[in-house]
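Below, each chain spelled out in residue letters.
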Amino acid sequence: MSEFAAITTANAAYLGLTFLPPVLWLLFYLREDAHPEPKRFLLLTFFGGIIAALCAVVAEVFFLGDQGGVLSLQTGPIGHTLFVFFTIGLIEEYAKYLPVKLWILRRPDFDEPIDAMIYMMTAALGFAAMENALFLLPVFHKSLSLGLEIATSRFLGANLLHALTSGIVGFFLARAWFHPKRAHLVAIGIVLAGLLHTGFNYFILVQDTLAQATLYLVLLLSFMAIMVLVDFERLKKSSEPI
C-alpha cells in the first residue's frame, strides 16, 4: 500500500470512528419522530453541536483551568471533584442547548412538542462527534485498535449520555416553549441534566477503585433511557401541529 493510500485509509477510519457512533444514535432516535424535520435544519443543528463542543472547551478552561480558573476552589478532594464535574455538566448541557435556542426555536417548522427533543438530541450528537474527535486524535495514529476501543466505549457511554441528557432538556424545553408560563422549566431541565452528567463522570472516575461503579453506570444510563423513552411517548401524544 502506498504512503498516500495508507494516510487516506487512516484518516477515513479516524473520521468514521469520530462520526459513525453519534450518527447511529441520531438515526435511532429520529425514528421516534412521526413527522420528520427538514434535513437541512437537522444538519444545521448537528453542526451547531460541533461548534458548541468547541465553545464548551473554551468555557471549561476559562472557569476551571489549572492555572487559576475563575471558579477554582480549595475544597476537599471529593467535594472539589463533584464541583468540577457539576460545573462541566452545566457548561456542556447549556452549550448543547444554545444551537437549538439560537437557530431553531423561532423557525416555523418548530411546531410540535416532540421537535424539542429531536433537535436537542441532534445538537447533542454533533457535540459528541466533536468530543470523539478530540479524544481520538491523540491516540488514533499510534494505535488503530486503541482508537476502536475508545470509540466503542464512547458509543455505549459518553455519546449515549449526551443524547439522553439533552433529550431530558428537550422534554423540559417542550413544556416551556409550548406553555410559555413555564419558562423556568428550561433551567430546571439543564440543572437536572447537569446533575445526571455529574453522576456519570464521577462513576467513570472511580471505575477502577469502586467495584460497583460499572453497575451504577449501567443503572444510571438505563434510568435515563427510560426517562427519555417515556418523555418521547408523552410528547407524541401531545404533538398536534400548531
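That block above? That's the structure.
Described in the following lines is the structure provided in the data block. (Residues numbered from 1 in each chain as written. Predicted model: local features only at pLDDT ≥ 70, side-chain atom pairs only at ≥ 80, totals over all residues. Heavy atoms only, no water.)

As enumerated under the stated definition, the model contains four salt bridges in all. The residue lysine 236 makes a salt bridge to glutamate 32 at a minimum N-O spacing of 2.9 Å. Remark: glutamate 32 occurs in the loop between α1 (3–30) and α2 (39–64) and lysine 236 occurs in helix α8 (residues 213–238); sequence separation between them is 204 residues. Given the relative accessible area of 17%, glutamate 32 is considered buried. For glutamate 93, the salt bridge goes to lysine 96, with nearest N and O atoms at 3.1 Å. (Salt bridge = Lys/Arg side-chain N within 4 Å of Asp/Glu carboxyl O. Helix = DSSP H or I, 4+ residues; strand = E, 2+ residues; numbered from the N terminus. Buried < 20%, exposed > 50% of the residue type's maximum accessible area, 1.4 Å probe, protein only.)

Let's shift gears to helix α6 (residues 158–177). Spacing of three or four residues puts side chains on the same side of an α-helix, whose turn is 3.6 residues. With 20 residues, α6 extends 28 Å between its outermost C-alpha atoms, agreeing within 8% with the 28 Å of an ideal straight helix rising 1.5 Å per residue. Of all 20 residues that make up α6, 19 are buried, and the element is covered over most of its length. (Expected span 1.5 Å × (residues − 1).)

Turning our eyes to something else, we now look at the layout of surface pockets. Of the pockets and cavities examined, the largest pocket occupies roughly 780 Å³. What lines the largest pocket is a set of 30 residues, and nearest its centre among them are Glu131, Phe135, Arg154, Ala158 and Asn201. Elements supplying a minimum of two residues to the lining of the largest pocket: α2, α3 (77–103), α4 (113–140), α5 (144–156), α6, α7 (185–205) and α8. (1 Å grid on protein atoms, 1.4 Å probe; cavity = no way out; pocket = protein on both sides within 12 Å on 5 of 7 lines; lining within 4 Å. Points joined across faces, edges and corners; volume = space filled by probe spheres on them.)

The next subject is the packing of aromatic side chains. A full pass over the atoms with the stated rule returns 15 aromatic pairs. Plain terms: the ring middles of phenylalanine 28 and tyrosine 29 are 5.0 Å apart, the flat faces sit at 80° to each other, and that makes the pair edge-to-face. On the basis of relative accessible area, phenylalanine 28 is assigned to the partly exposed category, the value being 36%. Residue classification places tyrosine 29 among the buried residues on the basis of a relative accessible area of 6%. Within the aromatic cluster, the residues linked to one another by ring pairs are Trp25, Phe28, Tyr29, Phe155 and Phe232. Against the face of phenylalanine 41 rests arginine 40, its NZ or CZ located 4.5 Å from the ring centre. The side chain of lysine 96 reaches across the aromatic face of phenylalanine 127, ending 5.9 Å from its centre. (Phe/Tyr/Trp six-rings, centres within 6.5 Å; stacked < 30°, edge-to-face > 60°. Lys NZ or Arg CZ within 6 Å of the ring centre and 35° of its normal.)

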